[in-house]
Amino acid sequence: MTFHTTRFRPLAALLVLVGLSLGMGVSVAPARSEPALVYSVGGKFDGSFNEAAYRGAERFVAETGASYRDFEIARDADSLQALRTFAARGARPVVAIGFNQASAVKSAAKAYPETGFSIVDMVVDAPNVRSVVFREQEGAYIAGLLAAMASKTGTIGFVGGMDIPIIRRFLCGYRQGAEAGRPGTRVLFAMAGNTPAAFADLARGSELARSQIGRGADVIIQAAGGTGIGVLQAAADRGVLGIGTDSNQNGLHPGHMLTSIRKRVDIAVYRNFIDAREGRWTPGIEVLGLEEGGMDWVLDENNRALVTPEMEKAARKAEADIASGAVHVHDVVSEGACPL
């Protein structure tokens, strides 16, 4: 039996998973070694973080002809059961998307020491876990630089999701890039909340974006997952520029999207799946930034007219300088409070 959320509603699928795990009279098929993917809250097709993970898994299928299993959690409490059930049924590796699954990954890894687990966007210290994290501040720097150069008011905005260190890291990089793009640029910022639900509230995102637009922001970046879809909609509705994150969101509002800063969650998932298939999967910590192709920015037909040659040149130079170490982007997680 293969669990794909295109066939099961999340609650129903969870009940099936629970039934299998507890042996409630359900016949269990022989274990198979397909990889498995457990999405974060917000849904597989959130247009952002989860969807990037899905694309990585689908790339794996397209290139290998192999299959995988996946599951959408409706709430954080669903994570552990999904991880344990996939492990019990022989999935290798089991990949969890999002920092909010860290405790579940730690528990599942302890219960199934022979199974390789991976978590994207958080570090879990266990001998059978691969942790993939990103230098988000590097991509954010490019976004801030472009936003400051594009702004006509000298005021730009930032809407984050849950107020956590990863988002603060992104904010600091954005502010640092803005200062490099145009010294004295004013950066307005707000967070959508203090729980994971802050990543799945379109109305809240729209509200925060409208507030910043009212205070003069004419370019706004979203670092808020599904909530960010509301941010970008509000920006387009008010005739200002939005900046997407995680996935390429330029196509959501062509002509109103300055760029998208991609956190290559797709690459993280793809590498986990391929490494396991080819027998080279190992646990440990993998850190991806501009140099490794783990962060990038998008220039395509949807935003080409908005990015001037001067802006592109400045962004490309910044990319090269960050990758070489000539420009250091502050990391609030390891280096303390943002200096700006």
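Here's what I pulled together on the structure shown here. What you see is a predicted model; the values in this text were computed from it and never measured.

Reading guide: rules and limits
Residues numbered from 1 in each chain as written. Predicted model: local features only at pLDDT ≥ 70, side-chain atom pairs only at ≥ 80, totals over all residues. Heavy atoms only, no water. Pairing = 2+ DSSP bridges. Helix = DSSP H or I, 4+ residues; strand = E, 2+ residues; numbered from the N terminus. Axes fitted to C-alpha atoms, helices over the stretch in contact; angles between N-to-C directions. Phe/Tyr/Trp six-rings, centres within 6.5 Å; stacked < 30°, edge-to-face > 60°. Lys NZ or Arg CZ within 6 Å of the ring centre and 35° of its normal.

Some points on the sheet that holds strand S8 (residues 219–223)
So, point 1. With mixed pairing, six strands are arranged side by side in an open sheet as S7-S6-S8-S9-S10-S12. Taken across any chain shown, the strands that pair with only one partner, and hence form the sheet edges, are strand S7 (186–193) and strand S12 (295–297). Between one strand axis and the next, the sheet turns through 15° on average, direction left out of account.
So, point 2. With four bridges joining them, strand S6 (residues 155–162) and S8 adopt parallel strand pairing. Considered in S8, the bridge of valine 159 is made with glutamine 222.

A word on the sheet that holds strand S5 (residues 129–134)
So, point 1. The six strands are arranged S2-S1-S3-S4-S5-S11 in an open sheet whose pairing can be described as parallel. Strand pairing shows two members of the sheet lacking a second neighbour, strand S2 (69–72) and strand S11 (284–288), which therefore form its edges. The average angle at which neighbouring strand axes cross in this sheet is 15°, direction not considered.
So, point 2. The pairing of S5 with S11 spans five bridges and is parallel.

Remarks on the packing of aromatic side chains
So, point 1. Inspection of the entire model under this criterion finds six aromatic pairs.
So, point 2. Considering the side-chain rings of phenylalanine 45 and tyrosine 54, the 5.0 Å spacing of their centres and the 75° angle between planes classify their relative orientation as edge-to-face.
So, point 3. An angle of 50° between the planes, with centres 5.8 Å apart, marks the rings of phenylalanine 158 and tyrosine 174 as tilted. Taken together, the residues phenylalanine 158 in strand S6 and tyrosine 174 in helix H6 (residues 165–181) connect sequence positions 16 residues apart.
So, point 4. The ring of tyrosine 270 carries arginine 59 above its face, with NZ or CZ at 3.6 Å from the centroid.

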